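Structure at a glance
In case you want the letters, here they are:
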Amino acid sequence: IKLFNFTLNNYMETVCIKIDVPSDIFKALHETEDEFKKELTLSAAIRLYQQNKLSLGKASVLAGYNRYDFEKFLSADNITISNLSVSDILGDLKKM
């Protein structure tokens, strides 16, 4: 399976990552290779976003979705869209 084969706005280099997956995994999941690839890429993007390794925008690009649709995936999994803490928000309010 090739994963993460993408180009950002035709300005960034495309990188292809290959992983070996036993063929019976697809049967066990009742998924095609393409479905598995899409789900795995989305899962990786969500995880990297949760770890603050990718911004929301970059994670949505990695996942292959626009930002709005990616936010819907996050929301469905009860994952916060903002990484701001309460103290960050209160600090911003004081600056206003």
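Residues numbered from 1 in each chain as written. Predicted model: local features only at pLDDT ≥ 70, side-chain atom pairs only at ≥ 80, totals over all residues. Heavy atoms only, no water.

1. Some thoughts on the nonpolar core
- Of all hydrophobic cores here, the largest spans 11 residues; its members are Leu42, Ala45, Ile46, Tyr49, Leu56, Ala59, Leu62, Ala63, Phe70, Leu74 and Ile79.
- Elements with a minimum of two residues in this core: α2 (33-50), α3 (56-63) and α4 (67-76).
- The residues contacting alanine 45, other than those within four sequence positions of it, are Ala59, Leu62, Ala63 and Phe70. (Core = buried A, V, L, I, M, F, W, Y, C linked by side-chain atoms within 4.5 Å. Buried < 20%, exposed > 50% of the residue type's maximum accessible area, 1.4 Å probe, protein only. Helix = DSSP H or I, 4+ residues; strand = E, 2+ residues; numbered from the N terminus. Contact = heavy atoms within 4.5 Å.)

2. Considering the packing of aromatic side chains
- Taken as a whole, this structure holds 2 aromatic pairs when the rule is applied.
- Taking the centre distance of 5.5 Å and the plane angle of 85° together, the rings of phenylalanine 26 and phenylalanine 36 count as edge-to-face. Of this pair, phenylalanine 26 sits in helix α1 (residues 24-29) while phenylalanine 36 is found in helix α2, placing the two residues 10 residues apart along the sequence.
- Look at phenylalanine 26 and you get buried, because its relative accessible area is 14%. (Phe/Tyr/Trp six-rings, centres within 6.5 Å; stacked < 30°, edge-to-face > 60°.)

These results come straight from atomic positions and should not be treated as a statement about function.
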